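So you can see what is in the structure, the chains are spelled out below.
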Amino acid sequence: MSATLDRIAAKLADETLQVMDKTGDERFYTTVAQTIGAASQTLEEAYLTEIRIRLAARKAMALIQATKKSVE
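Residues numbered from 1 in each chain as written. Predicted model: local features only at pLDDT ≥ 70, side-chain atom pairs only at ≥ 80, totals over all residues. Heavy atoms only, no water.

K.L.:
Got a sec to walk through the side chain of Glu 50? Specific residues and values, please.
P.N.:
Relative to the helices and strands, Glu 50 is located in helix α3 (residues 41–71). By relative accessible area, Glu 50 is classed as buried at 16%. For Glu 50, the contacting residues outside a window of four places in its chain are Asp 6, Ala 9, Ala 10 and Ala 13. (Helix = DSSP H or I, 4+ residues; strand = E, 2+ residues; numbered from the N terminus. Buried < 20%, exposed > 50% of the residue type's maximum accessible area, 1.4 Å probe, protein only. Contact = heavy atoms within 4.5 Å.)

K.L.:
Explain the packing of helix α1 (residues 2–23) against α3 to me, using residue names and the numbers behind them.
P.N.:
When two helices pack together, their arrangement is given by the angle between the helix axes and the distance between those axes. Between α1 and α3, whose axes approach to 8 Å, the crossing angle comes to 50 degrees. With respect to their mutual orientation, α1 and α3 come out oblique. You can see that α1 and α3 cross each other, and the crossing is right-handed. In this structure, α1 uses Leu 5, Asp 6, Ile 8, Ala 9, Ala 10, Leu 12, Ala 13, Asp 14, Thr 16, Leu 17 and Asp 21 to contact α3, whose residues at the interface are Thr 42, Leu 43, Ala 46, Tyr 47, Glu 50, Ile 51, Arg 54, Leu 55 and Arg 58. A class-by-class count of the residues in the contact of α1 with α3 yields 12 nonpolar, 2 polar and 6 charged. (Axes fitted to C-alpha atoms, helices over the stretch in contact; angles between N-to-C directions. Parallel < 35°, antiparallel > 145°, perpendicular 65-115°, else oblique. Left-handed = near helix turned anticlockwise from the far one by under 90°. Nonpolar A, V, L, I, M, F, W, Y, C, P; charged D, E, K, R; others polar.)

K.L.:
So what about the environment of Thr 35? Which residues, and what values?
P.N.:
On the secondary structure map, Thr 35 appears in helix α2 (residues 28–37). Sequence separation between Thr 35 and Thr 4 is 31 residues, and the spatial gap between their C-alpha atoms is 19 Å.

K.L.:
Report on the packing of α1 against α2, specifying residues and quantitative values.
P.N.:
Between α1 and α2, whose axes approach to 9 Å, the crossing angle comes to 145 degrees. Both α1 and α2 take part in a crossing whose hand is right-handed. Where α1 abuts α2, its residues Leu 12, Thr 16, Val 19 and Met 20 lie against Phe 28, Tyr 29, Val 32 and Ile 36. Grouping the amino acids of the contact of α1 with α2 by side-chain chemistry returns 7 nonpolar, 1 polar and no charged.

K.L.:
Tell me what's going on with the nonpolar core, and back it up with residues and numbers.
P.N.:
Of all hydrophobic cores here, the largest spans 14 residues; its most connected members are Tyr 29, Ile 36, Leu 43, Tyr 47, Leu 48 and Ile 51. Ignoring anything within four residues of it in the chain, the contact list for Tyr 29 reads Thr 16, Met 20, Tyr 47, Leu 48, Ile 51 and Leu 55. (Core = buried A, V, L, I, M, F, W, Y, C linked by side-chain atoms within 4.5 Å.)

If you want it as structure tokens, here you go:
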């Protein structure tokens, strides 16, 4: 079940971030999380972990790119 849970959470996170990018709604993931949580706390937790990982990676990559640009 863990592989299924991880796969579904990752897919939901990817789709959510696409919507967030298109709409500019930086908090849209919370609405999705509430919807998921109403049916499955386990999936909600996995989903939020996937979202946090992706958002943190985006911020880290932006910092790295900005730093690289400033030293070139």
